[in-house]
Amino acid sequence: MFVFDPSNTCFYYLRDATRELWYHGFDNYMSRGQLSPLSCKGRGPDWENPANIAFNDVTGNFSLTLIDVLDTLVVLDDPPGFQRAVQNVIDQVSFDVDTKPQVFETTIRVMGGLLSGHLFASSPGQPFYLPWYRGQLLDLAYDLGTRLLPAFATPTGLPYARLNLRYGVENGESLSTCTAGAGSLILEFATLSRLTGDERFEKVAYKAYFALWNRRSEIGLVGNTINIWTGAWLHPEVTSVGAGIDSFYEYALKWYILSGEVEFLDVWNEVYANAMRYPRSPDGYWFRHVNIHTGNHAYSTIDSLSAFWPGLQVLAGDVQNAYKITLDWNIWRRHSGMPEVWDAHFMQATSFQYPLRPEFVESTWYLYRNVSLRDITARSKVECGLSGIKDLRNNARDDRMEVIRSVGDTEGKTTDFTTDDSHYVFTTEGHILTLPRHVLRPMSSARRRMRREESHQCPAVSTVPADGLIRGIGSRYDAEYARHLIGLKPQSSDELYWSHDGWCAVPCTDLYNVTGIRVHIVSRLDGRGYDITRLGPHAVRSGQVVYVNDTELWSSAESLARLQRRPDVRLRIFLDTEDPLLVTQDASIFFTAHTAQFGADPITLSRKTKKFGHEGGVRIRKEESNWLGCGEYGQNFGGDAILVWRGECTFLEKLVRAQKAGASGVIVISDDDEPVNPLKPQGDLEDVALVLLPHTPGKGLAAMVEGAGVLSYGNVLFSCRSGGSTTCDTEGWEMSTRMCMFCMSTVIHVLNTRLLV
């Protein structure tokens, strides 16, 4: 990550460059009264075509951009500019207009901007307090909220996507809406309620949010679009973390941070776990679209709105997974911008627009990257402002200046108000909200008793020294893998981290297995099975889901015994020679091998097994032409054990091929000395067994078997005994070395004597 050092001149250069670029766009907006940076003309609603939602969802003829940038002037530390903007909004803005904007966009941009501006203008003790201000921005927000309330008059409580600000919901209005649009209103509406004392706004937003959450699928996923009248999810019933659903996740966590309402923390904990379980790709670097009922992969596109996700992960404390923003970062590097849609399967963009969306900028800020500022300047800065991009391939510009906040975001989140221990949050539009302490609601005593074992304190973390660049993303072990996923050719900056002795990692998804926990189960009143109400000392709250994936927990006693299989087994290695010269007082040696969690248990030998590891000894054999055990064997081993090396194919394949060749099992020599217990695959392998021998003793055993075959001094046998010992490993290796040397030297001596005779 990057840490900015205030004494670093580069920091001041970037700050000043950000301000210059932002004011270039804003000053043109104020002086020319326009939002068309290429044609330098004004732009408002499409009065001739009300169905043109691309324009009319946002431009409601109420000075949207002027309101939207109020707290950006706070971010840029411009008190005079903030005061002028507040006065302009008070003088010019009215919501008594015959336009039909989108409820979601109007809420996050306009209501959010008004509330944030009010909080700074009315709070003494900071440079943006306005002594003459009398709550006019809050009055405007209240008027707007009142005009939006009729949208919630549906059987489900889910709001219409659009309504006329003067006349309300029009006849024939669409009954479909997206999850983000209906479920991302709680921050603004509830803040309005807390500041005005009118609870209607918080209640309708709360009801809408849980109208979505309570309709989640059996595996805990919510869809992308829904019918507001029936509450049915609409085709194709898929979900991800991007467009149409993104801020639903965001507002669960942020409203909890802002208000302390623990129900939203419960939702966040569950919805985040489900998102990481189903939409997340197996390597963990991107999020797919999956079916909400099965979790099956639907399609592989990534949209630019999903770039907000790493920033949310940082806010939630999952920093390591957030670092995988390197995927988005490499998409940006490839296009010098964030294309609207990227196909992860074909590794190419399918929609090349970039309307200056702020999501990637905000997430990037959390990891302190700044190169995106140069790209925005080069691509978007024109004479009359900042233009959107129609096509990133040829930099064809769009005559729209939809978002100028995102440029301010690249500097803004490093200002003083973000450094204290506060509960400021940035809304999905980047507006800054907080709640005065007197409007926070303490948890009831009954709820506190129910949740007494919970602790929401953040764990202690080590302090990051503020001395510049600590560790760049390019130095991460998985940086090359993320670049490969995008198909981006290495650049000179990548080569700085290359080493001839380095290696490129292919990351694995973390898997967790919990066993041995006491579970409290109660019967459901609706007859739909049982609820788990307690896991060990932890209460399971309503709405949380506990998965028991190990079906063998409910199987027979024989299967249960397999679950108790010891992880290690002692192998006794000895010879069956009859040559008195090779017989010593104790010629046996012992190795510790690791048992597989499938096949026969070499310790407790079931009735179905052959003679793998029996006390009398089993001959160990090898086939030189198939030393890895991955090909078909050319002979029948008649119950002997096969010695093979690890690699090329799976443990399962080695055991299946040995079974077909009539062997009683397999001893696999590992490629290192780390303990590994091969996991259980599917299939019936109860008549054969597999053990894994560490590399060091395995080499000694291989030498013994080879010597026995070449010099004909007998067969190498083994038997199994329970319990492993590291001491035996060491002693066994030393003894095997001595024994091999003794056998080889003795046999050679005898052979030479016989040759002389």
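Attention in this report is confined to the structure presented alongside it. Fair warning: this is a prediction, and the values are worked out from it, not measured in the lab.

**Remarks on the overall build of the protein chain**
Thought 1: Check the secondary structure of the protein chain and you find 25 helices and 24 strands.
Thought 2: Counting the 757 residues in the protein chain, one finds 52% classified as buried.
Thought 3: If you take every contact in the protein chain between residues at least 6 apart in sequence, the share linking residues at least 24 apart comes to 69%.
Thought 4: Carbon and sulfur atoms make up 52% of the accessible area of the protein chain, which amounts to about 36,100 Å² in all.

**Observations regarding helix α5 (residues 79–92)**
Thought 1: Look at α5: 20 Å from first C-alpha to last across 14 residues, which is about the 20 Å you get at 1.5 Å a residue.
Thought 2: Buried within α5 we find G81, F82, A85, V86 and V89. Within α5, the buried residues cover an arc of 135° as seen down the axis, which keeps them to one side. Across from the buried face of α5, at angles greater than 90 degrees, the exposed residues are R84 and D91.
Thought 3: Where α5 is buried, its residues touch α3 (64–68), α4 (70–75), α6 (103–121) and α7 (136–148).

**Some words on unusual backbone geometry**
A negative phi angle characterises most non-glycine residues, just as the trans form characterises most peptide bonds.
Thought 1: For the bond from H235 to P236, the omega torsion is 10°, close enough to zero to count as cis.
Thought 2: Within the fold, P236 resides in the loop between β2 (225–227) and β3 (238–239).
Thought 3: Although it is not a glycine, D77 adopts a positive phi angle of roughly 60°.
Thought 4: If you trace the backbone, D77 turns up in the loop between α4 and α5.
Thought 5: For E237, which is not glycine, the phi torsion reads 55° and is therefore positive.
Thought 6: Its relative accessible area of 26% is what places E237 among the partly exposed residues.

**Some points on the sheet that holds strand β7 (residues 341–343)**
Thought 1: In spatial order, the strands read β6-β7-β8; together these three strands make up an open sheet with antiparallel pairing. Here the strands that pair on one side only, and so sit at the sheet edges, are β6 (301–303) and β8 (348–351). Between one strand axis and the next, the sheet turns through 35° on average, direction left out of account.

**Topic: the sheet that holds strand β4 (residues 289–291)**
Thought 1: Taken together, the three strands give an open sheet; going across it, the order is β3-β4-β5, and neighbouring strands pair in antiparallel fashion. Looking at which strands have only one partner, the edges of the open sheet turn out to be β3 and β5 (297–299).
Thought 2: Inspection of the sheet shows β4 paired to β5 by two bridges, in the antiparallel sense. Its bridge partner lying in β5, H289 is registered against Y299.

**Focus on the pattern of salt bridges**
Thought 1: Overall, the coordinates contain 19 salt bridges when judged by the stated rule.
Thought 2: Residue R216 pairs with E270 through a salt bridge whose shortest N-O separation is 3.6 Å. A residue pair is termed long-range when its members are at least 10 positions apart, and R216 in the loop between α10 (200–213) and β2 and E270 in helix α12 (residues 262–277) qualify at 54 residues.
Thought 3: Residue R216 is classed as partly exposed on the basis of its relative accessible area, which comes to 21%.
Thought 4: For K254, the salt bridge goes to E250, with nearest N and O atoms at 2.7 Å. Within this pair, K254 and its partner E250 are both found in helix α11 (residues 246–259), separated by four residues, close to a single helical turn.
Thought 5: Judged by relative accessible area, which is 6%, E250 ranks as buried.
Thought 6: Connected through salt bridges with shared partners, the residues D96, D143, R147 and R166 form a single ionic network.

**Details of the pairing of β8**
Thought 1: Sheet analysis places β7 next to β8, joined by three bridges and oriented antiparallel. Pairing of D343 across the sheet is with Q348, part of β8.
Thought 2: Where β7 folds back onto β8 in an antiparallel hairpin, the turn is made up of four residues, including M347, whose phi is positive at roughly 55°.

**A few points about the state of the cysteines**
Thought 1: Under the defined criterion, the tally for this structure stands at one disulfide.
Thought 2: Each disulfide pairs two cysteine sulfurs, and for C630 the partner residue is C649, the sulfurs being separated by 2.0 Å. Taking the sign of the S-S torsion, -85° for the link of C630 and C649, the bridge is left-handed. On the criterion of sequence distance, the pair formed by C630 in the loop between β20 (618–621) and β21 (641–645) and C649 in the loop between β21 and α23 (651–660) is long-range, its members being 19 residues apart. Of the two residues, C630 and C649, neither departs from the other in class, the shared state being buried.

**Looking at the pairing of strand β23 (residues 689–693)**
Thought 1: For β23, the buried fraction is high: five of the five residues fall into the buried class.
Thought 2: Residues A689, V691 and L693 line one face of β23 and the alternating positions L690 and L692 line the opposite face, and both faces are buried.
Thought 3: In this structure, strand β19 (residues 589–595) lies alongside β23, joined through two bridges in antiparallel fashion. Within β23, the residue paired with T595 across the bridge is V691.
Thought 4: The sheet contact formed by strand β22 (residues 665–669) and β23 spans five bridges and is parallel. Across the sheet, the residue bridging to V668 is L692, located in β23.

**Section: the packing of α5 against α7**
Thought 1: In contact at an axis separation of 10 Å, α5 and α7 are set at 45° when each is read in the N-to-C sense. In terms of their interaxial angle, α5 and α7 are classed as oblique. Relative to α7, the crossing made by α5 is left-handed. Residues V86, V89 and I90 of α5 form the contact with α7, whose own contacting residues are Q136, L137 and L140.

**Describing the side chain of D343**
Thought 1: Among the secondary structure elements, D343 is positioned in strand β7.
Thought 2: Look at D343: it is buried, it has no salt bridge, and the nearest opposite charge is R334 at 11 Å.
Thought 3: Of note is the side chain of D343, whose polar atom sits 2.8 Å from the backbone nitrogen of H345.
Thought 4: The residues touching D343, leaving out its near neighbours within four places in the chain, are S300, T301, Q348 and T350.

**Re α10**
Structurally, the α-helix is built with 3.6 residues per turn, so residues lying three or four positions apart point the same way.
Thought 1: Over its 14 residues, α10 runs 20 Å from end to end, which matches the ideal 20 Å to within 8%, given 1.5 Å per residue.
Thought 2: Of the positions making up α10, those classed as buried are F201, E202, V204, A205, A208, Y209, F210, A211, L212 and W213.

Basis of the calculations
Residues numbered from 1 in each chain as written. Predicted model: local features only at pLDDT ≥ 70, side-chain atom pairs only at ≥ 80, totals over all residues. Heavy atoms only, no water. Helix = DSSP H or I, 4+ residues; strand = E, 2+ residues; numbered from the N terminus. Buried < 20%, exposed > 50% of the residue type's maximum accessible area, 1.4 Å probe, protein only. Contact = heavy atoms within 4.5 Å. Areas by Shrake-Rupley, 256 points an atom, 1.4 Å probe, with all protein chains shown as cover. Expected span 1.5 Å × (residues − 1). Arc of directions from axis to C-beta. Pairing = 2+ DSSP bridges. Axes fitted to C-alpha atoms, helices over the stretch in contact; angles between N-to-C directions. Salt bridge = Lys/Arg side-chain N within 4 Å of Asp/Glu carboxyl O. Disulfide = S-S within 2.5 Å. Parallel < 35°, antiparallel > 145°, perpendicular 65-115°, else oblique. Left-handed = near helix turned anticlockwise from the far one by under 90°. Lys, Arg positive; Asp, Glu negative; His and termini not counted. Polar contact = N/O pair within 3.5 Å; in protein donor to acceptor, adjacent residues only side chain to side chain.

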